[in-house]
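So the chains spell out like this:
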Amino acid sequence: MKRRHQRTALALIATGTLGGTALAGTPAFASSTPLRFPTAAAKAVSLKAVAIPAVTPRAAAAGAATPTVVATGKVVTDGIALNARSGPSVGSLRTGTIADGTTVSIVCKAAGQFISGTVKNTGFWDRLSDNSFISDAFVQRREVEIPKCTSTAPLPAISGAWMLPVSAGLVSDFRTAQRPAHDGVDLGATRDTPIRAASSGTVIQVVCNVSKGSCDTDGSPSLRGCGWYVEVLHAGNIVTRYCHMVRRPSVTLGQTVARGSILGYVGTSGSSSGPHLHFEVHVGVPATRENAFSPIAFMRDRGLTIK
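Residues numbered from 1 in each chain as written. Predicted model: local features only at pLDDT ≥ 70, side-chain atom pairs only at ≥ 80, totals over all residues. Heavy atoms only, no water.

(A) Looking closely at the overall build of the protein. For the protein, the helix and strand inventory stands at three helices and 20 strands. Of all 307 residues assigned to the protein, the portion counted as buried reaches 50%. Across the protein, the fraction of contacts at a sequence separation of at least 24, relative to all contacts at a separation of at least 6, is 68%. Total accessible area computed for the protein in this model is approximately 13,300 Å², and 55% of it derives from carbon and sulfur atoms. (Helix = DSSP H or I, 4+ residues; strand = E, 2+ residues; numbered from the N terminus. Buried < 20%, exposed > 50% of the residue type's maximum accessible area, 1.4 Å probe, protein only. Contact = heavy atoms within 4.5 Å. Areas by Shrake-Rupley, 256 points an atom, 1.4 Å probe, with all protein chains shown as cover.)

Rendered as structure tokens:
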């Protein structure tokens, strides 16, 4: 009987049937009344803007946090690939897969969903050096004390006038063959991770955007829209958009923000199957599909890497 439970738990973790890749595209402005910055005011701000020179890729990403590895372990799954998650449960967004027999680097442990695995039965999940989580039930390692994860997220990488909005791995790329209308990237940050302004600027949108229901509850792939989201207008008529926040954003319309200011917190509102940040970059005002630009290429030109 125990073996059957192990295989069932492994199937949930390995097959991606819960909390798979999120679905988020260009917002569908169809429901709640958005709070928008007046067009005239947006133009007034952009007239004062000065271009920000690109930083070469050789520039050091100052401020990047390097996780301390406290232990290593071997994934044991009887041959089935193990899903890495953005949080300590099979309902969290899948951030990748790890092959059976792979050695993983463990940073800390977090209490989460109880799993009966191939190695042990436990409610602890291991946070890896890339900020993803795997159940400790499938990790064979020495019996060493693993510290509990703190609630403070590492400061995202910084380079010059720009920084990454969260420290998290890439889950879904910009306009792939499978998702040609995906005008940004999905970053697998955990629920309640602070979302930081990628550069200084002015808040020009604070919007609840969902096809039905409320942005104050978890969304689903059956909905349309970005849920709670914020847009910031930067120098050079560059706009960044941050979607699927867990609750009403922390900033207000027209507010001036510095690079690194907390705009809100990661959630799964709107068209989403699990907590993550959908992040867009637009070269032009207002932000449209036509002026969407790959965040990976944009950040790479400024010495920052999304991977």
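What follows continues from the structure just given.
(B) Region of interest: the nonpolar core. In terms of nonpolar packing, the biggest core is built from 37 residues, with Val166, Tyr242, Leu263, Leu277, Phe279 and Met299 touching the most fellow members. The set of elements that each furnish at least two residues to this core consists of β12 (185–187), β14 (201–209), β15 (227–234), β16 (238–245), β19 (277–283) and α3 (295–300). Other than its neighbours up to four places away in sequence, Val166 contacts Pro156, Leu187, Ala189, Thr193, Pro194, Ile195, Val266 and Leu277. Counting residues in hydrophobic clusters, the runner-up holds 18 residues, among them Ala84, Ile106, Ala110 and Leu128. (Core = buried A, V, L, I, M, F, W, Y, C linked by side-chain atoms within 4.5 Å.)

(C) How the structure looks around the state of the cysteines. Here the structure, examined in full by the defined rule, presents three disulfides. Shown here is the disulfide that connects Cys208 with Cys215, its sulfur atoms set 2.2 Å apart. Between Cys208 and Cys215, the disulfide has an S-S torsion of 95° and is therefore right-handed. Among the residues examined, Cys208 registers a relative accessible area of 10% and is labelled buried. Residue Cys215 is classed as buried on the basis of its relative accessible area of 1%. Here Cys226 engages in a disulfide with Cys243; their sulfurs sit 2.4 Å apart. Here the disulfide of Cys226 and Cys243 is right-handed, its torsion about the S-S bond being about 75°. On the criterion of sequence distance, the pair formed by Cys226 in the loop between β14 and β15 and Cys243 in strand β16 is long-range, its members being 17 residues apart. Classification of Cys226 by relative accessible area gives buried; the value is 1%. What makes Cys243 buried here is its relative accessible area of 1%. (Disulfide = S-S within 2.5 Å.)

(D) Structural view of the packing of aromatic side chains. Throughout the structure, instances matching the rule amount to three aromatic pairs. Each member of the aromatic cluster is reached from another via a ring pair, and the members are Trp162, Phe293 and Phe298. The residue whose ring lies beneath Arg302 is Trp162, and the NZ or CZ to ring-centre distance is 5.9 Å. The ring centre of Phe298 lies 3.7 Å from the NZ or CZ of Arg302, which sits over that ring. (Phe/Tyr/Trp six-rings, centres within 6.5 Å; stacked < 30°, edge-to-face > 60°. Lys NZ or Arg CZ within 6 Å of the ring centre and 35° of its normal.)

(E) Spotlight on the pattern of salt bridges. Tallied over the full model, the rule gives nine salt bridges. Among the ionic pairs, Lys120 bridges to Asp136, the shortest N-O distance being 3.3 Å. Pair noted here: Lys120 is in the loop between β5 (103–116) and β6 (121–128) and Asp136 is in the loop between β7 (133–135) and β8 (139–141), with a separation of 16 residues, a long-range link. Asp136 gets classed as buried once you look at its relative accessible area, which sits at 4%. Across the salt bridge formed by Arg191 and Asp218, the nearest N and O atoms sit 3.1 Å from each other. (Salt bridge = Lys/Arg side-chain N within 4 Å of Asp/Glu carboxyl O.)

(F) Just the pairing of strand β3 (residues 82–85), in detail. The alternating pattern of β3 places Leu82 and Ala84 and Asn83 and Arg85 on opposite faces, both of which are buried. Of the pairings in the sheet, the one linking β3 to strand β4 (residues 94–98) comprises four bridges and is antiparallel in character. By the bridge assignment, Asn83 is partnered in β4 with Thr97. (Pairing = 2+ DSSP bridges.)

(G) Examining the side chain of Lys109 more closely. Tracing the sequence through the fold places Lys109 in strand β5. Nearest to the buried, unbridged Lys109 among oppositely charged side chains is Glu145, at 4.0 Å. In this structure Lys109 touches Phe124, Trp125, Asp126, Glu145, Ile146, Pro147, Lys148 and Cys149, once residues within four positions along its chain are discounted. (Lys, Arg positive; Asp, Glu negative; His and termini not counted.)

(H) Representation of the pairing of β19 in the model. Among the seven residues that make up β19, six are buried, leaving the element largely enclosed by the rest of the structure. Across three bridges, the pairing between β12 and β19 is antiparallel. Along β19, the bridge assignment pairs Asp186 with His278. Bridge count between β19 and strand β20 (residues 292–293): two bridges; the pairing is antiparallel. Along β20, the bridge assignment pairs Val281 with Phe293.

(I) Main features of unusual backbone geometry. Here the bond from Val285 into Pro286 is cis, since omega is 0°, no more than 30 degrees from zero. Inspection of the secondary structure puts Pro286 in the loop between β19 and β20. Positive phi values are uncommon outside glycine, yet Asn237 reaches one of about 60°. Considering the arrangement of structural elements, one finds Asn237 in the loop between β15 and β16. With a phi close to 70°, His244 is a non-glycine residue in the positive phi region.

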